[in-house]
Amino acid sequence: MGKNTYLHRCIRNIISLKNRHKPLPSNHHKIHLSPWVALALCGLFTGAWWLLPHPILIVIAGLAPLAIYGVLRLPFVIVLSFVIFSFCRIHEAFPFLNPLKIPQLLALGSLFALGWHIVVTGKIQPFWDKSLDWVTVFFVLVFIGIFFATSRDIAITAFKDSYIKIIIMTYAIAWLTRTPSDFKLSLYLFTLSGVAVASVALFNKANGIGLVEGTRVTVGRELGSILGDPNDLALVLMFPISFAASLMLNKGLGKIARCIGTLSTITLFSAVIATQSRGGLLGVIAVFGLMAYRRIESKLIFFGGGAVAVMGLFVMAGISGRASGGAAEEGVDASAMGRIYAWQAAWGMALVNPITGVGLKNFFSNYFFYSPHWDGLNHAVHSTWFGVMAESGLLGIIVFVGMVIKLIIDATNSTNFAIQRCAPPVITAASEANLASILGIAVSGTFLTQGYTWPIYVVASLIIAMKHWQKNNL
């Protein structure tokens, strides 16, 4: 026993000697440095109070740690919220949110979270995909076109105020959407944000607020919001319908999800009808058509019933009662002729500038010089395809169409793959929503200008993220 006790003492002494040379735990460094961090924060807020003595700084000081923690802990939520506020214009639909500068705060939070998790923590692992090749090439063409734009000031302003943010967030969403819960969150957030705008639109319609041509609903028109144009409002409302319809029709998501999807679909559908937008209606038809095609076995019933439903939809929307483009106008209506003149002008711009086009957001200012008909006013192009052709040239429209085709192929493959491999219900629902959305955008692009706006790029990032997830998990 004595020898064993002596041996145990020797072993303990050796261990104690080794521990003396071990580095201190990381927690020790945090405790040692925390007073300096606290002192720095105190100095920061003291300086801020000296420059701007306002009680709001006390609130900011208390909320700052929580805000920083939330940004770093939930980067996907922050980025997705920024996209929703920027595209759906929630702060313009609900003006009391305007003073809070939410889009600007979310933009800062998004950039901070991305930089932190890519450079510092390494939690976000950037990857590449062939679809990102198309997105990047088109982005480069648009960027080069700025230097050859007929009005560089307009092109530069549009690029730095909007388009560069869209492109950055395209990569961000693709890299941040990593789990089934992320796809599920995107389904719900896009659906509910669309419902929020749709509710305001239906309220305005019921109370005769901000109506254009006496019948077409708008939102925030008195504020100068982009939602003040019925066609742009239809675009914002059409985009979430594919997500809402997917929630409604996918049984595996549960009764609550299907109930939310059903109510949301009805609300969004009613609001799109109230805009009386041809492009919006075409987009809705494409979304519902895809959903029905995948579920109705008899294609005869599908096409026959679909034709009747389309005619009924246009009657329900009251297109014939519009002041412009209604039944009261003989022959080809003024609205249709306006688009034809605009498309002719776009073709002329592309022929004269086949490589770079006239530049980002420069169609409107060039309309006079290329239109075969002049009524004293410049006009918008009202077409995704002709808009891209005019502002990015023939080379730009080729790359853009290639990008859309690639996205449709990827979305179709992802949806079929999810069904074949019996993927989790949320993956199947999100895949189908992505496919319906990109088809709706492609079809509605006939009458809606979406080449440089959020929808197609957001869907592109979700399609790319879905493809990447399935490749690694199914």
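Criteria and thresholds
- Residues numbered from 1 in each chain as written.
- Predicted model: local features only at pLDDT ≥ 70, side-chain atom pairs only at ≥ 80, totals over all residues.
- Heavy atoms only, no water.
- Helix = DSSP H or I, 4+ residues; strand = E, 2+ residues; numbered from the N terminus.
- Buried < 20%, exposed > 50% of the residue type's maximum accessible area, 1.4 Å probe, protein only.
- Contact = heavy atoms within 4.5 Å.
- Areas by Shrake-Rupley, 256 points an atom, 1.4 Å probe, with all protein chains shown as cover.
- Phe/Tyr/Trp six-rings, centres within 6.5 Å; stacked < 30°, edge-to-face > 60°.
- Lys NZ or Arg CZ within 6 Å of the ring centre and 35° of its normal.
- Axes fitted to C-alpha atoms, helices over the stretch in contact; angles between N-to-C directions.
- Left-handed = near helix turned anticlockwise from the far one by under 90°.
- Nonpolar A, V, L, I, M, F, W, Y, C, P; charged D, E, K, R; others polar.
- Polar contact = N/O pair within 3.5 Å; in protein donor to acceptor, adjacent residues only side chain to side chain.
- Patch = residues over 30% accessible without salt bridge, like charges linked within 9 Å, V, L, I, M, F, W, Y side chains within 5 Å.
- Salt bridge = Lys/Arg side-chain N within 4 Å of Asp/Glu carboxyl O.
- Core = buried A, V, L, I, M, F, W, Y, C linked by side-chain atoms within 4.5 Å.

Visitor: Give me the lowdown on the overall build of the protein chain, citing residues and values where you can.
Guide: In terms of helices and strands, the protein chain carries 19 helices and zero strands. A buried classification covers 46% of the 474 residues belonging to the protein chain. A separation of at least 24 residues holds for 73% of the contacts in the protein chain among residues at least 6 apart in sequence. Total accessible area on the protein chain stands at roughly 23,700 Å², and carbon and sulfur atoms take up 70% of it.

Visitor: For the packing of aromatic side chains, give the residues involved together with the corresponding values.
Guide: A complete count under the given rule lists 28 aromatic pairs for this structure. Seen in terms of ring centroids, phenylalanine 139 and tyrosine 163 are 6.3 Å apart; in terms of plane orientation they differ by 25 degrees. Their pairing is stacked. Of the two residues, phenylalanine 139 sits in helix H7 (residues 130-147) while tyrosine 163 sits in helix H8 (residues 152-176), which places them 24 residues apart along the sequence. Each member of the pair, phenylalanine 139 together with tyrosine 163, is buried. Lying over the aromatic face of tyrosine 293, lysine 299 brings its terminal NZ or CZ to 3.9 Å of the ring centre.

Visitor: So what's going on with the packing of helix H18 (residues 425-444) against helix H19 (residues 454-473)? Which residues, and what values?
Guide: Following both chains from N to C, one finds H18 and H19 inclined at 145 degrees, their axes separated by 10 Å at the closest point. Crossing hand, H18 versus H19: left-handed. Residues Ile427, Ala430, Ser431, Asn434, Ser437, Ile438 and Ile441 of H18 pack against Pro455, Ile456, Val459, Leu462, Ile463, Met466, Trp469 and Gln470 of H19. By residue class, the composition of the contact of H18 with H19 is eleven nonpolar, four polar and no charged.

Visitor: Hey, could you go over the side chain of threonine 265 for me, with residue numbers and the actual values?
Guide: With respect to the secondary-structure elements, threonine 265 resides in helix H12 (residues 255-275). A distance of 3.5 Å separates a polar side-chain atom of threonine 265 from the backbone oxygen of alanine 244. Reaching out from threonine 265, the side chain makes a polar contact with the backbone oxygen of glycine 261 at a distance of 2.6 Å. Residues within four places of threonine 265 in sequence aside, it is in contact with Ala244, Ala245, Met248 and Phe288.

Visitor: Before we move on, could you go through the packing of helix H11 (residues 241-249) against H12 and cite the residues and values that matter?
Guide: The geometry of H11 relative to H12 is characterised by a closest axis approach of 7 Å and an angle of 145 degrees between their N-to-C directions. As for the relative orientation of H11 and H12, their crossing is left-handed in sense. Two secondary-structure elements touch here, H11 through Ile241, Ala244, Ala245, Leu247 and Met248 and H12 through Ala257, Arg258, Gly261, Thr262, Ser264, Thr265, Leu268, Phe269 and Val272. Considered class by class, the residues forming the contact of H11 with H12 number nine nonpolar, four polar and one charged.

Visitor: I'd like a rundown of a nonpolar patch on the surface, residues and numbers included.
Guide: Among the surface-exposed residues, Phe112, Trp116, Ile118, Val119 and Val120 lie close enough to one another that they form a single nonpolar patch of about 470 Å² accessible area. Tracing the backbone shows isoleucine 118 in helix H6 (residues 102-121). Judged by relative accessible area, which is 33%, isoleucine 118 ranks as partly exposed.

Visitor: Can you lay out the nonpolar core for me, pointing to particular residues and giving the numbers?
Guide: Formed by 114 residues in total, the largest nonpolar core has its most connected members in Phe138, Tyr163, Phe190 and Phe400. Once residues within four sequence positions are removed from consideration, phenylalanine 190 is found in contact with Leu80, Val83, Ile84, Phe239, Pro240, Phe243, Val458 and Leu462. Among the nonpolar cores identified, the runner-up in size contains eleven residues, and Ala342, Trp343, Ala346 and Phe447 belong to it.

Visitor: Talk me through the environment of valine 200; I want residue IDs and the actual numbers.
Guide: Here valine 200 shows up in helix H9 (residues 180-207). Overall, the relative accessible area of 14% leaves valine 200 in the buried class. A C-alpha to C-alpha distance of 9.0 Å links valine 200 and threonine 218, two positions 18 residues apart in sequence. Not counting residues within four places of it along the chain, the set of residues in contact with valine 200 comprises Ala93, Phe94 and Val219.

Visitor: Please give an account of unusual backbone geometry that cites residues and values.
Guide: Phi is positive for arginine 89, close to 55 degrees, though the residue is something other than glycine. Assignment of secondary structure puts arginine 89 in the loop between helix H4 (75-88) and helix H5 (90-93). Non-glycine residue cysteine 422 carries a positive phi angle of around 55 degrees.

Visitor: Account for the environment of tryptophan 374, with residues named and values stated.
Guide: Within the secondary structure, tryptophan 374 is located in the loop between helix H16 (363-370) and helix H17 (384-420). The class for tryptophan 374 is partly exposed, based on a relative accessible area of 39%. Apart from the residues lying within four places of it in its own chain, the contact partners of tryptophan 374 are Tyr367 and Phe368.

Visitor: Just give me the short version of the environment of glycine 451, but keep the residues and values in it.
Guide: For glycine 451, the location among the structural elements is in the loop between H18 and H19. Residue glycine 451 is classed as buried on the basis of its relative accessible area of 2%. Linking glycine 451 and isoleucine 397, residues 54 residues apart in sequence, is a C-alpha distance of 9.7 Å. Among residues more than four places away in sequence, those in contact with glycine 451 are Phe138, Thr384, Val388, Phe400 and Tyr457.

Visitor: So what about helix H10 (residues 230-238)? Which residues, and what values?
Guide: Among the nine residues that make up H10, eight are buried, leaving the element largely enclosed by the rest of the structure. Turning to H10, its buried residues are Pro230, Asn231, Leu233, Ala234, Leu235, Val236, Leu237 and Met238. A side-chain oxygen of the first residue of H10 lies 2.8 Å from the backbone nitrogen of asparagine 231; this N-cap is aspartate 229.

Visitor: Let's hear about the pattern of salt bridges: which residues, and what values?
Guide: The tally for this structure, following the rule as stated, stands at seven salt bridges. Sharing partners across several salt bridges, the network here consists of Asp129, Lys406, Asp410 and Lys467.

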